[in-house]
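Here are the chains, one letter per residue:
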Amino acid sequence: MLAVSASAVFAFSLSDLSNQDASSGLKAALQKGADSAVSKLGVENGFLNNDKVKIGLPRILEQAMPILRMTGKGQQLDELVVSMNHAAESAVPLAKPLLLNAVKSMSISDAKNILTGGDTSVTNFFKQKTSSQLGEKFLPMVKKITDRNGLSAQYNATMEQVSKTGLVPVQQATVEGYVTQRALDGLYTMIGEEEKAIRNDPIGAGSAIISKVFGVLK
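These remarks concern the structure in this document. Bear in mind the structure is a predicted one, so any value in this text is a computation, not a measurement.

**So, the packing of aromatic side chains**
Here is step 1: Under the definition given, this model contains one aromatic pair.
Here is step 2: Judged by centre distance (5.5 Å) and plane angle (65 degrees), the rings of F125 and F126 are edge-to-face. Of the two residues, F125 and F126, both sit in the buried class.

Encoded structure:
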């Protein structure tokens, strides 16, 4: 929560914080958030062992789970969950270059929005700058891995028909589309966790420039 107005923040930053320091501090915080999220998720079981981002079955499969288990599909479903989470963890490292490019391209307007935008402004910045491109990069990687599970093709064939009724969200029409969206959601969730930590304890970020800039907002 910001205790001062946008104008007050910038009045203070201009008088007591150089533009260079403000820019450096914000970029350091952005990079720290990106590095932390990728390092936590882009490792073996990074999604599977993290309840905040673990990818479960699409709702339509969850609802049909009892019937599917009765027909002997239980093990395949369990394997599908594992493969979906491994697909996400394999895709996440692809995000790092795009996230860092977004940091380098930060404009004065972006900086203002981050400084005055509240507890999720860093996360929102990354979403706006990278979500579309990351989705395009993640999808082929995710599909390559999820295609190894026999249920993926069956799911996609069924969803192709069901999606025409409008009962299934577009992002759940294919396994790879569903996992790609959930991987992005997980990535931004973890960036958000890092952002909250920095805002709550700038000194604890372990960076003098981050502490200096985000200390202004305390």
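**Focus on the pattern of salt bridges**
Here is step 1: Counted according to the given criterion, the structure contains seven salt bridges.
Here is step 2: D35 is the salt-bridge partner of K96, the closest N and O atoms lying 3.4 Å from each other. Remark: D35 occurs in helix 2 (residues 19-41) and K96 occurs in helix 5 (residues 95-104); sequence separation between them is 61 residues.
Here is step 3: Assessed through its relative accessible area of 35%, K96 is described here as partly exposed.
Here is step 4: According to the relative accessible area criterion, D35 is partly exposed, its value standing at 25%.
Here is step 5: For the salt bridge of E195 with R199, the shortest nitrogen-to-oxygen distance reads 3.2 Å. Residue E195 and its partner R199 are both found in helix 9 (residues 175-200); the two are separated by four residues, about one turn of the helix.

**So, the side chain of N85**
Here is step 1: Looking at the secondary structure, you find N85 in helix 4 (residues 74-91).
Here is step 2: With near-sequence residues (within four places) excluded, N85 lies in contact with F47, L48, K54 and I55.

**Observations regarding the packing of helix 5 against helix 7 (residues 121-146)**
For any two helices packed against each other, the geometry is given by the interaxial angle and the distance between the axes.
Here is step 1: Where helix 5 contacts helix 7, the axes come no closer than 10 Å and their chain directions differ by 150 degrees. Classified by the angle their axes make, helix 5 and helix 7 are roughly antiparallel. Between helix 5 and helix 7 lies a crossing of right-handed hand. For the pair helix 5 and helix 7, the contacting residues are A95, L98, L99, A102 and V103 in the first and F125, F126, K129, T130, Q133, L134, K137 and F138 in the second.

Parameters and conventions
Residues numbered from 1 in each chain as written. Predicted model: local features only at pLDDT ≥ 70, side-chain atom pairs only at ≥ 80, totals over all residues. Heavy atoms only, no water. Phe/Tyr/Trp six-rings, centres within 6.5 Å; stacked < 30°, edge-to-face > 60°. Buried < 20%, exposed > 50% of the residue type's maximum accessible area, 1.4 Å probe, protein only. Salt bridge = Lys/Arg side-chain N within 4 Å of Asp/Glu carboxyl O. Helix = DSSP H or I, 4+ residues; strand = E, 2+ residues; numbered from the N terminus. Contact = heavy atoms within 4.5 Å. Axes fitted to C-alpha atoms, helices over the stretch in contact; angles between N-to-C directions. Parallel < 35°, antiparallel > 145°, perpendicular 65-115°, else oblique. Left-handed = near helix turned anticlockwise from the far one by under 90°.

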